[in-house]
Amino acid sequence: MSTPDHPASMAAVALVVLATVLVGGFGLRISRTTSDFYVASRTVRPRLNAAAISGEYLSAASFLGIAGLVLVHGPDMLWYPVGYTAGYLVLLVFVAAPLRRSGAYTLPDFAEGRLESRQVRRLVSVFVVGAGWVYLVPQLQGAGLTLTILTGAPGWAGDVLVASVVVLAVAAGGMRSITFVQVFQYWLKLTALLVPAIFLVLAWQSDGAPRVSFDDQVSAFRADHPLYATYGLIVATFLGTMGLPHVVVRFYTSPNGRDARRTTVAVLALIGLFYLLPPVYGALGRLYAPELIHDGDADAAVLLLPARMIGGLGGDLLGALIAGGAFAAFLSTASGLTMAVAGVLTQDVLPSRGVRHFRLATVLAIAVPLGGSLLVGRVPVADAVGMAFAVSASSFCPLLVLGIWWRRLTPPGAIAGLLLGGGSALLSVAITVSGAVRPPGWPHALLAWPAVWSVPVGFLAMILVSLATPGRVPPGTNAAMSRFHLPEALTSGRAR
Amino acid sequence: MSHESTPRREVVTGEPRRVRPLPRYRPQAEIDEQTALGGAYVRSLMRSQLRAGLTAFAVLALVAGTLPLVFEALHSNAVVWAVLGFATYPPLALAAWWYVRRAERNERDFARLVEGRPAP
Amino acid sequence: MTGAGVAVVTVLAALLLGTGFLLGRAARPQRTSDVGTPVEHATFETLHTASLAAPPLRAGLTEESARRSARRLRSLLGTDALCLTDRDRVLVWDGEGDHHGREVMDHVRGLLDSGRDTAFRTDCGDLDCPLRWAVAVPLTVDHRVLGTLVAWAPRESAVLARAAGEVARWVCVQLELAELDRSRTQLIEAEIKALRAQISPHFIFNSLAAIASFVRTDPERARELLLEFADFTRYSFRRHGEFTTLADELHSIDQYLALVRARFGARLSVTLQVAPEVLPVALPFLCLQPLVENAVKHGLEGAVRTSRITISALDAGAEAEVVIEDDGIGMEPERLRKILRGEGGTSTGIGLLNVDERLRQVYGDAYGLVIETGVGAGMRITLRLPKYRAGVHGS
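Residues numbered from 1 in each chain as written. Chains lettered and ligands numbered in written order. Predicted model: local features only at pLDDT ≥ 70, side-chain atom pairs only at ≥ 80, totals over all residues. Heavy atoms only, no water.

An unreviewed UniProt entry lists chain A under the name Cation acetate symporter, with Streptomyces salyersiae given as the organism. Under Subcellular location (unreviewed entry), UniProt gives the following word-for-word description of chain A: "Cell membrane". According to its UniProt record, chain A has this under Sequence similarities (unreviewed entry): "Belongs to the sodium:solute symporter (SSF) (TC 2.A.21) family." (UniProt positions renumbered as here; feature names shortened; annotations may be inferred.)

Written out as structure tokens, the structure is:
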């Protein structure tokens, strides 16, 4: 990389890391007099929770990846942010309120509560850990890339840095309250992309506002079956959001189903707001950093633009702001995912329970994807994230949607759907990442964007096997359905 | 937390009672539901909520299903950039807002229905 | 390319329609099955047989009671053989093929842990023996499996499975009544303990006295305190629901502390640290309040000085960690151990024991109280609450 190292950027990264740890450690509500006791013990309002969910959700793929993809493959890639946002609409209309009312903290909790089966619970745990790990790899790789660009440090340094910060913050008991950390990260990320964008657009205008052209298509492996890939992406992101482990656990913070719904709308608005920015960077990258299209590190475009277009101290400072925001993106998503995966590991995988085991699980939760990110070759960040969505869409989406709306779902049906839908998607992702099947050709397209076929497979398997095992409908199904769908005001009032 | 007293403290826990709690969901929850509100009421609420959800989802699926074909036909990257980059978010937020209002109204109507029913 | 596109759209549309159709069907009300009324004299006969089997069972599940009731139970079920077991051995075998008695315990072992009905095939090799299939049903009292009822038949029979389940449930009711009979006095004691743990009469008296003292000097404050008192007692005496949320429990503690402060004023300093994401956690009703009351009592006993109490509720992944710490007089660890074994007597002790017992009952033995204390060393009580446990829903 030809860029000089930026001390300002390094300082910004260090500041973000420090602030994250501090907010995590002290972001508790503390009261010392009884008068503010009530304030301290008040549940989280939808808007605050929405900012926290958004902060956790906007990952490196959103912060760097989308602009990079637009730069290389053209504006069709904007289906990614549209899908990430629309996923919340699907989550809202089918899942949000019932999931909150189920009282489940994690997806395995939901599976056990709804289907009354330890077996399904264990299987769901495996998928949560699997999807979480697939999602963590690109976060760590993105961090490696960012650090390489900023300092010229070897690629693995950033991976290790983010992993260590997460472990230190979570495992040392620093993240005692993650809500405020994530709220802080959301606004940091928005600022870090918005402020430089304003300056960049001004610079572009003073440059005579040259026209951006997307005409020369370079997308070697997408040119193959672009329409199929687009649909694969749409299905995966629209239906995959609801099952992402770090998203699900945040809904627990809502005090009731109604607030969970309102929270989701606010999330949709907040991330929609954020996603107005990456297309700007993508278009400007086309003009000012066209060489990145060919040398493979397109994810770096967002980081490089301020230096290219503005230069001098101003460019350095804006670059530092973006670098800080990028690190916030890695940290927030990585820590959220790590906590979610670690939660499942402590509950369902590790033998004994306790807070100490949670710390051990945290180390385990991030060590595996760290190893993965160091061993596996680099896949573009947004692509890798798309794969995690595909796995989630083919396994958790059928489980949640049918579990919430269909009384005849049975444990064998759920297992069949998870194994056939989620299993095949997971396998496709593994084959794609391993590089065993290469573009061009249908085999690669089908494996790289599995959601189009794996989601129907998951749904069908779940439905057909459930219909074939009518005797296995859990006895508590009706009770569970009432709990999922009745407003809390009625359920607590009825016993009085 | 206080610091001065830690050295002299000893950890005390109760002895294991060997109570193995059995899953307690089945009977009680079932009875609660059957007597207090009744499956028919719950199902009617579910239907109205599902209708609202499916409406929103159908609109979304229709738009998302046809847009790529439209883009393919238009062959204009500038339009794709403008539509996907900016124009999609307001309708998404509006749809979400519509759904929430609809779902909350369904719940209010349902509450009125349940509270107004004759005593069992 | 467009061909592929059309194919994709078709698949998507089919998926959409299919899901919509199935979901629509799912939401349609299910037909309620008619429960036909049994022939009347069969009912009378059944009731009569049941009434004859009841008295022996009221003595609990022993060899004697099993022997006396087994025949009646078998005629209720109309099977070839029936046996009753406790957790360790067969109590009685009624009917043919009692050589099967040897294998029974192997078959029911799993059921004693899981508490779920099971069925199994048996083949003793004896061609004359009619017993080929059996259904085993647990006899549970208070969520504990006391034993099993095993009914045998020549072939698999869903009707027998269902009937055995019903009979077992009826037996359970009898055994539960037996348990009640036997421990009525214990029960009364336990109830008193529970009540005392929830709200102590001293506290009511002292609160009212403190409020009374403000009536002349500061009527506004007296009025506020009276409202707090009413709210607090309403919460403490509520009859519905076994569980509450951490937010509600903390709110009640807030009211409790306001009342305590009315009496002790500046002598008490309370710090609360809450991670807001754990507030929706469901927990057994009135689990924290007795611990806070305990901390207040320990803090205010002894020297006249300011007492510090810290209450923290932190996020620990799939659990919430609640810590209540005071810098008061502490307790002799040996005495505390005795209290937790149920051998202590003071009202504070009963509060601790009661909370410890309920936590273990709901979440399992790994979730009992962890208390760090020493004489004059204050006390630090740690509770771990799983964020989700099937059946635990705060209302």
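So, on to the overall build of chain C. Looking only at helices and strands, chain C has 12 helices and 12 strands in total. Taking all 395 residues of chain C together, the buried fraction comes to 51%. In chain C, the proportion of contacts linking residues at least 24 apart, taken out of those at least 6 apart, comes to 65%. Taken as a whole, chain C presents about 18500 Å² of accessible surface, with 54% of it coming from carbon and sulfur. (Helix = DSSP H or I, 4+ residues; strand = E, 2+ residues; numbered from the N terminus. Buried < 20%, exposed > 50% of the residue type's maximum accessible area, 1.4 Å probe, protein only. Contact = heavy atoms within 4.5 Å. Areas by Shrake-Rupley, 256 points an atom, 1.4 Å probe, with all protein chains shown as cover.)

This brings us to the interface of chain B and chain A. Listed as interface residues are 48 residues of chain B and, on the opposing side, 48 residues of chain A. For the pair chain B and chain A, the summed buried surface comes to about 4400 Å²; carbon and sulfur atoms form 74% of the total. Per-residue buried area on chain B facing chain A is highest for Met-46, Trp-81 and Tyr-89 of chain B; these three make up 15% of the total on that side. Connecting chain B to chain A are 4 salt bridges. (Buried area = accessible area lost by both parts, 1.4 Å probe. Salt bridge = Lys/Arg side-chain N within 4 Å of Asp/Glu carboxyl O.)

Residues and elements named next belong to chain A. Two numbers describe how helix 4 (residues 60-73) lies on helix 5 (residues 79-94): the axes approach to 9 Å, and their chain directions differ by 145 degrees. Packed against helix 4, whose contacting residues are Ala-61, Ser-62, Ile-66 and Leu-69, the element helix 5 presents Tyr-80, Pro-81 and Tyr-84 at the interface. In the contact of helix 4 with helix 5, the residues fall into 6 nonpolar, 1 polar and no charged. (Axes fitted to C-alpha atoms, helices over the stretch in contact; angles between N-to-C directions. Nonpolar A, V, L, I, M, F, W, Y, C, P; charged D, E, K, R; others polar.)

Another aspect to go through is the confidence of the model for chain C. Per-residue confidence for chain C gives a mean pLDDT of 79, with 81% of residues at or over 70. This stretch, residues 27-37 of chain C, has a pLDDT under 50; its non-local contacts, to residues over four places away or in other chains, come to 9 contacts. (pLDDT = per-residue confidence, 0-100.)

Below, the discussion takes up the packing of aromatic side chains. Inspection of every chain in the model, using the stated rule, returns 22 aromatic pairs over all chains. Ring centres 5.8 Å apart and planes at 75 degrees place the aromatic pair Phe-274 of chain A and Tyr-275 of chain A in the edge-to-face group. A relative accessible area of 0% places Phe-274 of chain A in the buried class. Between Tyr-363 of chain C and Tyr-367 of chain C, the ring centres sit 5.9 Å apart and the planes meet at 55 degrees, which makes this aromatic pair tilted. Considered together, Tyr-363 of chain C and Tyr-367 of chain C belong to a single accessibility category, that of buried residues. Pairwise contacts between aromatic rings join Tyr-57, Phe-63, Tyr-80, Tyr-84, Tyr-88, Tyr-135, Phe-274, Tyr-275 and Phe-389 of chain A together with Tyr-89 of chain B into one cluster. The side chain of Arg-100 of chain A reaches across the aromatic face of Tyr-252 of chain A, ending 5.2 Å from its centre. Sitting over the face of the ring of Trp-97 of chain B, Arg-101 of chain B holds its NZ or CZ atom 5.2 Å from the ring centroid. (Phe/Tyr/Trp six-rings, centres within 6.5 Å; stacked < 30°, edge-to-face > 60°. Lys NZ or Arg CZ within 6 Å of the ring centre and 35° of its normal.)

Residue and element names in this part refer to chain C. Between its first and last C-alpha atoms helix 10 (residues 289-300) spans 16 Å; for 12 residues at 1.5 Å apiece the expected length is 16 Å, and the two agree. With 11 of its 12 residues buried, helix 10 lies for the most part within the structure. For helix 10, the set of buried residues is Gln-289, Pro-290, Leu-291, Val-292, Glu-293, Asn-294, Ala-295, Val-296, His-298, Gly-299 and Leu-300. (Expected span 1.5 Å × (residues − 1).)

This part covers the packing of helix 5 of chain A against helix 13 (residues 257-274) of chain A. Residues and elements named next belong to chain A. Contact pair helix 5 / helix 13: the axes reach a minimum separation of 9 Å and the direction vectors enclose 170 degrees. Here helix 13 runs roughly antiparallel to helix 5, going by the angle between their axes. For the pair helix 5 and helix 13, the contacting residues are Tyr-84, Thr-85, Tyr-88, Leu-89, Leu-91 and Leu-92 in the first and Arg-261, Thr-264, Val-265, Val-267, Leu-268, Ile-271 and Gly-272 in the second. Tallied by class, the residues present in the contact of helix 5 with helix 13 amount to 9 nonpolar, 3 polar and 1 charged. (Parallel < 35°, antiparallel > 145°, perpendicular 65-115°, else oblique.)

Residue and element names in this part refer to chain A. The grouping of Trp-156, Leu-374, Leu-375, Val-376 and Val-433 at the surface amounts to a nonpolar patch, some 490 Å² of accessible area in total. Mapped onto the secondary structure, Trp-156 falls in helix 9 (residues 155-171). A residue is classified by how much of its surface remains accessible, and Trp-156, at 51% relative accessible area, is exposed. (Patch = residues over 30% accessible without salt bridge, like charges linked within 9 Å, V, L, I, M, F, W, Y side chains within 5 Å.)

This part covers the sheet that holds strand 2 (residues 90-95) of chain C. Residues and elements named next belong to chain C. Overall, antiparallel pairing links the 5 strands, which are arranged 2-1-5-4-3 in an open sheet. A single partner strand is all that each edge strand has here, and the edge strands are strand 2 and strand 3 (118-121). Neighbour-to-neighbour, the strand axes of this sheet turn through a mean angle of 20 degrees, independent of strand direction. In terms of strand pairing, strand 1 (residues 81-86) meets strand 5 (residues 144-153) through 6 bridges, oriented antiparallel. Note on strand 5: the bridge partner recorded for Leu-82 is Ala-151. Most of the contacts of helix 3 (residues 63-77) go to strand 2, to which it runs at about 35 degrees, and overall it touches strand 1, strand 2 and strand 5. Along the sheet, helix 4 (residues 101-114) contacts strand 1, strand 2, strand 3, strand 4 (133-141) and strand 5; its crossing angle with strand 5, the most-contacted strand, is approximately 130 degrees. (Pairing = 2+ DSSP bridges.)

Although it is not a glycine, Glu-116 of chain A adopts a positive phi angle of roughly 55 degrees. Along the chain, Glu-116 of chain A turns up in the loop between helix 7 (107-115) and helix 8 (118-151). In the Ramachandran plot, His-75 of chain B falls in the positive-phi region, its phi being about 60 degrees despite a non-glycine side chain. Within the secondary structure layout, His-75 of chain B lies in the loop between helix 2 (39-74) and helix 3 (77-87). Relative accessible area serves as the criterion here: at 71%, His-75 of chain B is assigned to the exposed category.

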